[in-house]
Amino acid sequence: MIMLVVLTACYEQKQETVQFVTVEDGHFVRAGVPYYYVGTNFWYGAILGSEGQGGDRERLCRELDEMKRMGIDNLRILVGSDGERGVKTKAEPTLQIRPGEYNDTILAGLDYLLMEMGKRDMVAVLYLNNSWEWSGGYSFYLEHAGLGKQPRPDDVGYPAFMKAMSQYADNQKAHELFYDYIRFILGRTNRYTNVKYVDDPAIMSWQIGNEPRAFDTEKLPAFEKWLAEASALIRSIDKNHLISVGSEGAWGCENSYESWERICADKNIDYCNVHLWPYNWGWAKPDSLKENLGRACDNTKEYIDKHLAICAKLKKPLVMEEFGYPRDGFKFTLDTPTTGRDGYYKFVFSLVADNAEQGGHFAGCNFWG
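Heads up: these notes are all about the structure in this document. Because the structure is predicted, anything quoted here is derived from the model rather than measured.

So, how was this worked out
- The numbers attached to residues start from 1 for each chain and follow its sequence in the written order.
- In keeping with the predicted nature of the model, local features appear solely for residues at pLDDT of at least 70, side-chain atom pairs appear and are counted solely at 80 or more, and the whole-chain, interface and lining totals rest on all residues.
- Based on all heavy atoms of the structure, the side-chain values leave hydrogens and waters out of the count.
- In this analysis, rings of Phe, Tyr and Trp, with Trp reduced to its six-membered ring, are considered paired at centre separations within 6.5 Å, and the interplanar angle assigns stacked below 30 degrees, edge-to-face beyond 60, and tilted for intermediate values.
- Every helix listed is a DSSP run of H or I at least four residues long, and every strand listed is a run of E at least two residues long, numbered separately from the N terminus.
- Burial status follows relative accessibility: with a 1.4 Å probe on protein chains alone, a residue under 20% of its type maximum counts as buried, one over 50% as exposed, and anything between as partly exposed.
- For two strands to pair, DSSP has to find at least two bridges joining them.
- Using a grid of 1 Å spacing that covers the protein atoms alone, one calls a set of points a cavity when a 1.4 Å probe fits there but cannot get out, and a pocket when the set is open and has protein on both sides within 12 Å along at least five of seven lines; lining residues are those with an atom within 4 Å of a point.
- Grid points are joined across faces, edges and corners, and a volume is the space filled by probe spheres set on the points.
- Polar here means any residue other than Ala, Val, Leu, Ile, Met, Phe, Trp, Tyr, Cys and Pro, which are nonpolar, and Asp, Glu, Lys and Arg, which are charged; Gly is therefore polar.

**So, the packing of aromatic side chains**
Using the criterion set out here, one finds 37 aromatic pairs in the structure. Here tyrosine 141 and phenylalanine 178 contribute two aromatic rings whose centre-to-centre distance is 5.7 Å and whose plane-to-plane angle is 65°, an arrangement assigned as edge-to-face. Placement of the pair is tyrosine 141 in helix α5 (residues 138-147) and phenylalanine 178 in helix α8 (residues 172-186), with a sequence separation of 37 residues. Residue tyrosine 141 shares its accessibility class with phenylalanine 178, and that shared class is buried. Plain terms: the ring middles of tyrosine 345 and phenylalanine 367 are 5.8 Å apart, the flat faces sit at 40° to each other, and that makes the pair tilted. Of the two residues, tyrosine 345 is situated in helix α12 (residues 339-358) and phenylalanine 367 in strand β13 (residues 362-367); the sequence distance between them amounts to 22 residues. Residue tyrosine 345 is classed as buried on the basis of its relative accessible area of 13%. By relative accessible area, phenylalanine 367 is classed as buried at 17%. Ring-pair connections join several aromatic residues into one group, and the members of that group are Trp132, Tyr138, Phe140, Tyr141, Tyr158, Phe161, Tyr168, Phe178, Tyr179, Phe215, Phe223 and Trp226.

Written out as structure tokens, the structure is:
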């Protein structure tokens, strides 16, 4: 009986090991076969998995079941929001209240989410930071590094906000606070499964941040240095999981393809990311979304192709981890048609499908949801 238990445990460990997503010769591999996917963003997953404010585990399981039914097995998820409660336009409840002080309710929610994803053979891309205000991120670390209260774009506008956030790229104190957070999260063990995070095949990738930016061309060298430090730290703690940046691509590197290539070339970065927002980037207008669809698709193809050329040189996969398109007429009610969105999503999905058939480097996409 003892021998049987030992052999079973070894078998289960072997099964878990082969389920980790890896990169081989520039392509994702999972369970010994090429891995191409259509996934979604599920940033609120840990909140939904909690038993506190915003938590609804029955809904979480329903949504996971429905996504699995539709073939969506890759979810990009925010580990947790940072900072004080009661701040408008910021996700709540927050996980990291102050540096080193954590909301255990959200940690339990993340544990529960990963457990349920593991049951369904789904994988998570977990991002740890954010250059934008909606989850804290840069502004949280700058404030606790001694730079005082940071502006919010809804108060001062995005130009002033981005100028303030450019201070993050070369602020070593802010970086050290973030590195402490990395050590804490990656050092955890799931309370429901008793599996260490670093050993959990339900995690595909640790992502440094959501759309990390330098916000200033002159800060690009410092920005690149920070990302290299962060990825090296993650790799020193976790040898099993992939590491990604969470970048928008050249758009997030002050339109420098050279900077994006240097970042992605780092030995600890396993695969590359781009984001694409035709409306936000001026490729489609609110009053002519259907009419602008062709231009949006053409510009999307050009943007992806430029990044794919770099990925081919680096021999690393590319994932389009965020994209979206408004409902017709730029309306938000559920009965509004989605002609433009349907066309845009079909186009992006076809790019992934065509690449899969050709064995290309464009390996997946996560639509915004």
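**Quick look at the sheet that holds strand β3 (residues 33-34)**
Taken together, 3 strands build an open sheet; the order of strands is β1-β2-β3 and the sheet is antiparallel. Across the chains shown, the open sheet's two edge strands, defined by having one partner strand only, are β1 (22-24) and β3. The sheet contact formed by β1 and strand β2 (residues 27-30) spans 3 bridges and is antiparallel. Residue pairing across strands places threonine 22 opposite valine 29, the latter belonging to β2.

**A word on the layout of surface pockets**
Space inside the largest pocket adds up to approximately 470 Å³. Lining the largest pocket are 14 residues, and of these Trp132, Glu211, Trp277, Asn280 and Glu322 lie nearest its centre. Grouping the constituent residues of the lining of the largest pocket by class yields 7 nonpolar, 2 polar and 5 charged. The calculated volume of the second largest pocket comes to roughly 380 Å³. Lining the second largest pocket are 16 residues, and of these Tyr325, Pro326, Arg327, Phe332 and Arg341 lie nearest its centre. The class makeup of the residues in the lining of the second largest pocket is 10 nonpolar, 3 polar and 3 charged.

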